[in-house]
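Take a look at the letters that make up each chain.
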Amino acid sequence: MTSSTQLKLWILAFVLTCLVAWTGHGATYYVAPGGNDSAAGGSGTPWQTIVHSTTNTTTGDTVLIAAGIYNERDYSSVAGVTFRCTGAVTNFGWGIGHSNTVVDGFTVTGAPAGWNGACINLGFTTHNVSVLNCKILNLGMATYGIMIPALGLTSDTGPHGCVVSNVLFDGGFTTNGNRFLDIEGSNTLVVACGFFNMPAHDAIDITGAGHTIRSCTFSNIYVSEGSLDHPDIIQCWGITGAECHDIVFERNLIIDCECGLTQLTQDGVDGIRDWTYRNNIVVRNYQTASINMPGFKAYNNTFYHCAVNIGLPVFSFGVGQQYDGSGGYATNCQVFNNAFIDCAGW
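Below, the structure is looked at part by part. If you're wondering where the values come from, they're calculated on a predicted model, not measured in any experiment.

**Here we look at the side chain of Ser219**
- By the secondary structure assignment, Ser219 is in strand E20 (residues 217-222).
- Residues contacting Ser219, with those up to four places away along its chain left out, are Phe195, Phe196, Asn197, Ile255, Asp256 and Cys257.

Following this line, the structure appears as structure tokens:
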């Protein structure tokens, strides 16, 4: 190869690299309460509403949203747009139906009148969505804080590769059957989130496969007076027929809760199996972890003053199904290298 040819190839590679970098870099737009939706959306000419930004951006764009209260529920319109708050921003939540969307820094308080869905709801085929640094305060009439739903009973019919990071869930509603988080699909990572003050209902409902719940804090998940429901930190059960396997629950802190640690019930569904529960710290939880499925492993956990008031072991393993098909078989399960301090048993 001559030096001239080599130089041309280097130039071509440089141009292609620059082209790829340029095409992957979107525009930045701005939204502020004092803006105008007829403006250009620049830093000095911001739009007024978030909803206007959703329909006037394209893949790769970023929308920076100034502090304020936006009385709107917003919906994505195209994949790959980042909506990032630069101050304290409150809205009525999000409907995200497009992959690679990022919502960052929103506060959702309650829900608009007549709304009984989720504060933040993903579509069935919405993948690689990130919900970051948000606060969901007082669910109101919303069914879920965040819902990541599947269309069918298997993990490949729902979203995959989503991230819920540093989200604060605080305050449920006793009579609407709401939960903080519903996870379906596959390979969702829930990390560094806080789940606080939920009466009567579960913190997390989960189906699908390959999900990880890591480095989260759960506190004051409790039984409300007069409620017939018992809450759980995390629950899956086969009553819907959906699979739930290869789940990791690790490095979480559970403190001062009056609820089940887990409710894992096979109910005749073979795809409910194989969970790993490791490196968690549980302090003063007053119910057990109910395990009615095969392949559950619990190791390197610390339990302090758990299940003492009911005199039962921390883990309760099911031995069969009931006449109505409920329950399951806790076979091939392992509990090892855990610390049980001032507990009724393990």
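Next comes the rest of the account.
**What about the side chain of Thr207?**
- Looking at where Thr207 falls in the secondary structure, it is placed in the loop between strand E17 (204-206) and strand E18 (208-209).
- For Thr207, a relative accessible area of 16% puts it in the buried group.
- Residue contacts for Thr207: discarding those within four places in its chain leaves Ile183, Glu184, Gly185, Ala242, Glu243 and Cys244.

**Thoughts on the packing of aromatic side chains**
- Under the defined criterion, the tally for this structure stands at 18 aromatic pairs.
- Centre to centre, the rings of Tyr277 and Phe315 are 6.3 Å apart; their planes meet at 90°, and the pair counts as edge-to-face. Taken together, the residues Tyr277 in strand E25 (residues 272-278) and Phe315 in strand E30 (residues 315-317) connect sequence positions 38 residues apart. Here Tyr277 matches Phe315 in class, with each residue buried.

**Some words on the pattern of salt bridges**
- In the structure shown here, the tally under the stated rule is 8 salt bridges.
- With a closest N to O distance of 2.7 Å, Arg278 and Glu250 form a salt bridge. Of this pair, Arg278 sits in strand E25 while Glu250 sits in strand E22 (residues 244-250), and the two are 28 residues apart along the sequence.
- Between Asp274 and Arg273 there is a salt bridge, with its nearest N and O atoms 2.7 Å apart.
- Sharing partners across several salt bridges, the network here consists of Arg179, Asp202 and Asp205.

**So, the environment of Arg251**
- If you trace the backbone, Arg251 turns up in the loop between E22 and strand E23 (253-257).
- Spatially, the C-alpha atom of Arg251 lies 5.6 Å from that of Arg214, the residues being 37 residues apart in sequence.
- The residues contacting Arg251, other than those within four sequence positions of it, are Arg214, Ser215, Cys216, Arg278, Asn279 and Asn280.

**Regarding the pairing of E20**
- With 5 bridges connecting them, strand E16 (residues 194-199) and E20 associate as parallel partners. Residue pairing for E20: Met198 is matched across the bridge by Ile221.
- Here E20 runs beside E23; their pairing, made up of 3 bridges, is parallel. Note on E23: the bridge partner recorded for Ser219 is Ile255.

**Focus on the pairing of strand E24 (residues 260-265)**
- Among the 6 residues in E24, 6 count as buried, and that is most of the element.
- Relative to E24, strand E21 (residues 232-237) is paired through 5 bridges, and the arrangement is parallel. Directly across from Gln235, in E24, lies its bridge partner Gln263.

**Focus: unusual backbone geometry**
- A positive phi angle, near 55°, is found at Ser215, a position not held by glycine.
- Mapped onto the secondary structure, Ser215 falls in the loop between strand E19 (212-214) and E20.
- Backbone geometry at Asp246 places phi at a positive 55°, although glycine is not the residue there.
- Locating Asp246 in the fold gives a position in strand E22.
- Note on Asp246: relative accessible area 40%, which makes it partly exposed.

Conventions we followed
- Residues numbered from 1 in each chain as written.
- Predicted model: local features only at pLDDT ≥ 70, side-chain atom pairs only at ≥ 80, totals over all residues.
- Heavy atoms only, no water.
- Helix = DSSP H or I, 4+ residues; strand = E, 2+ residues; numbered from the N terminus.
- Contact = heavy atoms within 4.5 Å.
- Buried < 20%, exposed > 50% of the residue type's maximum accessible area, 1.4 Å probe, protein only.
- Phe/Tyr/Trp six-rings, centres within 6.5 Å; stacked < 30°, edge-to-face > 60°.
- Salt bridge = Lys/Arg side-chain N within 4 Å of Asp/Glu carboxyl O.
- Pairing = 2+ DSSP bridges.

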